[in-house]
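Examination of the molecular architecture
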Amino acid sequence: MKKVLSLLVVLALGFGIINSLNQNSSFPKFGEADVSDRVSDRYINKNVTEENEEVIFGEDGYETGSSNFVTSIVANYRSFDTLGEVTVLFISAFGVALLFSKDSKRVSLNFKPNFMLRVGSRALFGLIIMTGIYISVHGHLTPGGGFPGGTMIASSILLLYLSNDSFRTKIKGFKLLEGFMGSLYVLIGVAGIYVTGYFLENFLDTGVVGDLFSAGIIPIVYVIIGLKVGSEIASIIDNFLTEEVS
Amino acid sequence: MIQYASIILIMLGLYGLLTNRNVIKIIISLNVFEIGLNLFIISVGYVDGGLAPILTGNSTSVLSFVDPLPHALVLTSIVIGVGTTALGLAFAKKIYAKYGTYEIDEMGVE
Amino acid sequence: MINILSIVISVLLVILAFLAVSSKTLSKSIVYLSALSMLSVLGFVVMKAPDVAVTEAVIGSGLVTALFVFTLLSSRKVVK
């Protein structure tokens, strides 16, 4: 009975969504969106405050020098959103740590790591952490950025947890790194107020589109985000692998 | 086509939330809901024959790109999703430590 | 070509979501959720969103699955 009722509710919801989207003439059909009609057109042409007709790869003097448009939105135009998001992630990591605050013994895995697992995971640890750092640093040129890079750093630490039965990270160090990176992000925003008059404004030279050292504060902000996300998720993993001392 | 599939995913996630009585299954349904929502938001910005929103060698911004704004929003949504999932699983673990079960109906019954 | 690919992805997405929501054992459900997340990465790539695809591949199908498995790992011992 309950299942039939909830099925009816769900079907009504789906019918309502599809019907109202089909009736709405301003909602574009799949694949027929008109980007030049939206605000994204200004983000693509990098002309929110100045006038550019087109942006050419390898030229300089634009608002943001990032060749990846998604990065220029996440870390420059809507950087304040990202600051709020990092705060949400911090609060959830804090909540997890608060719930597991009494637990101090590590959960024991039910298999013994053999020689191959220990050596192989130690070799893979270096490769994965280097890939994470590479993705964080090149966030303004290639797909990726601080969020997946930071998570890769955290998953390399997860590999260490799996390979060694008694491994525990130094939680104090991670907490220190996380707090330091968070305050550094806010300090860069405050420096923007002093230099140009706006919070989180891009106050450095934007450089040539496509160079490694370009795009002003975007790579700096993305590396900070990567380290902060990595340390937060690593502390979440550590909290999940502890249990109460009985 | 993917747009309809994402709406069906949202419906399935809501169905799971309404019918399941297991804490872990509720969190899994929430994740299914979230994946459907992310696919739908990305599909709003898709342009037929558009390029991925990255400027590469000798290309200009006059070419037709896919809308990059939904990508930025979904990037935010995924990372917040892992935070809420971790918090929910932490609560589930605490519930198990107190009652010894994940089923909502069996809690508090000796 | 792209049309056939998107139809296959859509059908598989719906099937995997149904299995993840309705299967009886928790561990099977978690594995189906991980496969659904991996398949949605393919959907993001078809819709030309490489940034989102990288993020979802690392977080959705790697880390979230690990968190679910750790939760089950710590709860199974009390039953035994």
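Numbering of residues begins from 1 in every chain and follows the order in which that chain's sequence is written. As they are written, the chains are lettered A onward and the ligands numbered 1 onward, keeping that order. Only residues with pLDDT of 70 or above have their local features reported here, since the model is predicted, and side-chain atom pairs are shown and tallied only from 80 upward, although totals for entire chains, interfaces and linings are computed over all residues. Each side-chain value is derived from all of the structure's non-hydrogen atoms; neither hydrogens nor water enter the calculation.

Looking now at the overall build of chain B. When you go through chain B residue by residue, the secondary structure sums to 3 helices and 0 strands. Radius of gyration: over C-alpha atoms. The globule rule applied is 2.2 Å multiplied by the number of residues raised to the 0.38 power. In terms of C-alpha radius of gyration, chain B reaches 20 Å, well past the compact-globule figure of 13 Å for 110 residues. Based on the C-alpha atoms only, the size of chain B along its principal axes is roughly 70 × 25 × 15 Å. Classification of residues uses two cut-offs on accessible area relative to the type maximum, computed with a 1.4 Å probe and protein chains only: under 20% is buried, over 50% is exposed, and between them is partly exposed. Counting across all 110 residues of chain B, residues that qualify as buried make up 58%. By the convention used here, residues are in contact when the closest approach between their heavy atoms is within 4.5 Å. Of the contacts made within chain B by residues no fewer than 6 positions apart, 52% connect residues no fewer than 24 positions apart. Exposure was quantified through the Shrake-Rupley algorithm and a 1.4 Å probe, taking into account, for residues, occlusion by the shown protein chains and nothing else. Approximately 4200 Å² of chain B is accessible, and the part contributed by carbon and sulfur atoms is 64%. Working definition: helices are DSSP H or I runs of at least four residues, strands are E runs of at least two. Numbering for both runs from the N terminus.

Looking only at helices and strands, chain C features 3 helices and 0 strands. Over its C-alpha atoms chain C spans a radius of gyration of 15 Å, topping by over 25% the 12 Å that the globule rule assigns to 80 residues. Projected onto its principal axes, the C-alpha coordinates of chain C cover approximately 50 × 25 × 10 Å. Classification of the 80 residues of chain C by burial places 55% in the buried group. Across chain C, contacts joining residues at least 24 apart in sequence account for 43% of those joining residues at least 6 apart. Taken as a whole, chain C presents about 3600 Å² of accessible surface, with 78% of it coming from carbon and sulfur.

To continue, consider empty space enclosed by the protein. If a probe the size of a water molecule is rolled over the atoms, the empty space left behind becomes visible. With a 1 Å grid spanning the protein atoms alone, the term cavity applies to any set of points in which a 1.4 Å probe fits but cannot get out, the term pocket to an open set with protein on both sides within 12 Å along at least five of seven lines, and the term lining residue to any residue with an atom within 4 Å of a point. Grid points are joined across faces, edges and corners, and a volume is the space filled by probe spheres set on the points. Summed over all chains, the structure comprises 1 cavity of 30 Å³ or more. Of the volumes computed, that of the largest cavity is approximately 130 Å³. Taken together, 14 residues line the largest cavity, and the ones lying closest to its centre are N31 and E34 of chain B together with E56, G60 and V64 of chain C. Of all the secondary structure elements, the ones that give two or more residues to the lining of the largest cavity are α2 (23–44) and α3 (69–99) of chain B together with α2 (26–46) and α3 (50–79) of chain C.

Another point: the packing of aromatic side chains. Within 6.5 Å between ring centres, the rings of Phe, Tyr and Trp (the latter by its six-membered ring) count as paired, and their orientation is classed by plane angle as stacked under 30 degrees, edge-to-face over 60, tilted in between. Across all of its chains, the model carries 9 aromatic pairs over all chains by this definition. Seen from their ring centres, F27 of chain A and F40 of chain B are 6.3 Å apart, and the 5° between their planes marks the pair as stacked. Placement of F27 of chain A in the loop between α1 (2–23) and α2 (40–45) and of F40 of chain B in helix α2 is noted, with the two residues assigned to different chains. Assessed through its relative accessible area of 16%, F40 of chain B is described here as buried. Between F147 of chain A and Y222 of chain A, the aromatic rings sit 6.4 Å apart at their centres with planes inclined by 85°, giving edge-to-face as the arrangement. Taken together, the residues span a long stretch of sequence, with F147 of chain A in helix α6 (residues 146–163) and Y222 of chain A in helix α8 (residues 218–240) at a distance of 75 residues. Judged by its relative accessible area of 1%, Y222 of chain A falls in the buried class. Counted as over-ring charges are cases with an Arg CZ or a Lys NZ within 6 Å of the ring centre that also lie within 35 degrees of the ring normal. A cation sits over an aromatic face here: K93 of chain B above F100 of chain A, 4.7 Å from the ring centre.

Residues and elements named next belong to chain A. One number sums up the size of the largest pocket: a volume of about 410 Å³. Lining the largest pocket are 15 residues, and of these T49, N76, Y77, E201 and N202 lie nearest its centre. Only α3 (69–77) and α4 (79–99) provide two or more residues apiece to the lining of the largest pocket. As a working rule, the residues Ala, Val, Leu, Ile, Met, Phe, Trp, Tyr, Cys and Pro are called nonpolar, Asp, Glu, Lys and Arg charged, and the rest polar, with Gly in that last group. Per-class residue counts for the lining of the largest pocket are 7 nonpolar, 5 polar and 3 charged.

A helix's residues, less one, multiplied by 1.5 Å, set its expected span. Over its 31 residues, α3 of chain B extends 45 Å from the first C-alpha to the last, a length consistent with the 45 Å expected when each residue adds 1.5 Å. Phi turns positive, to about 75°, at G100 of chain B, one or two residues after α3 of chain B.

Turning our attention to the nonpolar core. What makes a nonpolar core is a set of buried Ala, Val, Leu, Ile, Met, Phe, Trp, Tyr and Cys residues whose side-chain atoms join them at distances within 4.5 Å. Judged by nonpolar contacts, the single largest core of 86 residues is most densely connected at F240 of chain A together with L36 and F68 of chain C. If you tally residues by element for this core, the top one is α3 of chain B, at 12 residues. Excluding anything up to four places from it in sequence, F240 of chain A contacts V96 and F100 of chain A, A86, L89, A90 and K93 of chain B together with L67, F70 and T71 of chain C. In terms of nonpolar packing, the next biggest core, distinct from the first, is built from 10 residues, V55 and V209 of chain A together with V47 and L55 of chain B among them.

Next up on the list: a nonpolar patch on the surface. Within the patch definition used here, like charges are joined within 9 Å and nonpolar side chains (Val, Leu, Ile, Met, Phe, Trp, Tyr) within 5 Å, considering only residues with over 30% relative accessible area and no salt bridge. By definition, a salt bridge exists where a carboxyl oxygen of Asp or Glu is found within 4 Å of a side-chain nitrogen of Lys or Arg. A cluster of nonpolar side chains, contributed by I133, V137, L177, L212, F213, V223 and L227 of chain A, occupies part of the molecular surface with about 590 Å² of accessible area. Listed by contribution, the elements that provide at least two residues to the nonpolar patch are α5 (115–137) and α8 of chain A.

Okay, the interface of chain A and chain C next. Of the residues lining the interface, 20 residues belong to chain A; the matching set on chain C comes to 16 residues. Together, P148, T151 and F240 of chain A form the three largest contributors to the area buried by chain A at its contact with chain C, with a combined 27%. At the boundary of chain A with chain C, the tally comes to 0 salt bridges. Side-chain atoms alone can form a polar contact between residues adjacent in sequence; in general such a contact is a pair of N or O atoms within 3.5 Å, and within protein one must be able to donate a hydrogen while the other accepts it. Taken together, the links from chain A to chain C amount to 2 residue pairs in polar contact (both at pLDDT 80 or more). Among the secondary structure elements, those contributing two or more residues to the side of chain A that touches chain C are α6 and α8 of chain A. Of all the elements, α6 of chain A adds the most residues to the side of chain A that touches chain C, at 5 residues. The residue makeup of the side of chain A that touches chain C, split by class, is 14 nonpolar, 5 polar and 1 charged. As a working definition, buried area equals the accessible area (1.4 Å probe) given up by two parts on being put together, with both sides summed.

With that out of the way, let us pick up the interface of chain A and chain B. Facing the 55 residues of chain A at the interface are 47 residues of chain B. The contact between chain A and chain B buries some 4500 Å² in all, and 74% of this surface belongs to carbon and sulfur atoms. Three residues stand out in chain A for area buried against chain B, namely F30, F57 and L99 of chain A, and they jointly supply 14% of the buried area on that side. Taken together, chain A and chain B are joined by 1 salt bridge. The partner of R38 of chain A in a salt bridge is D67 of chain B, with the nearest N and O atoms 2.6 Å apart. Joining chain A to chain B, the criterion identifies 7 residue pairs in polar contact (both at pLDDT 80 or more). In terms of residue class, the side of chain A that touches chain B is made up of 34 nonpolar, 12 polar and 9 charged.

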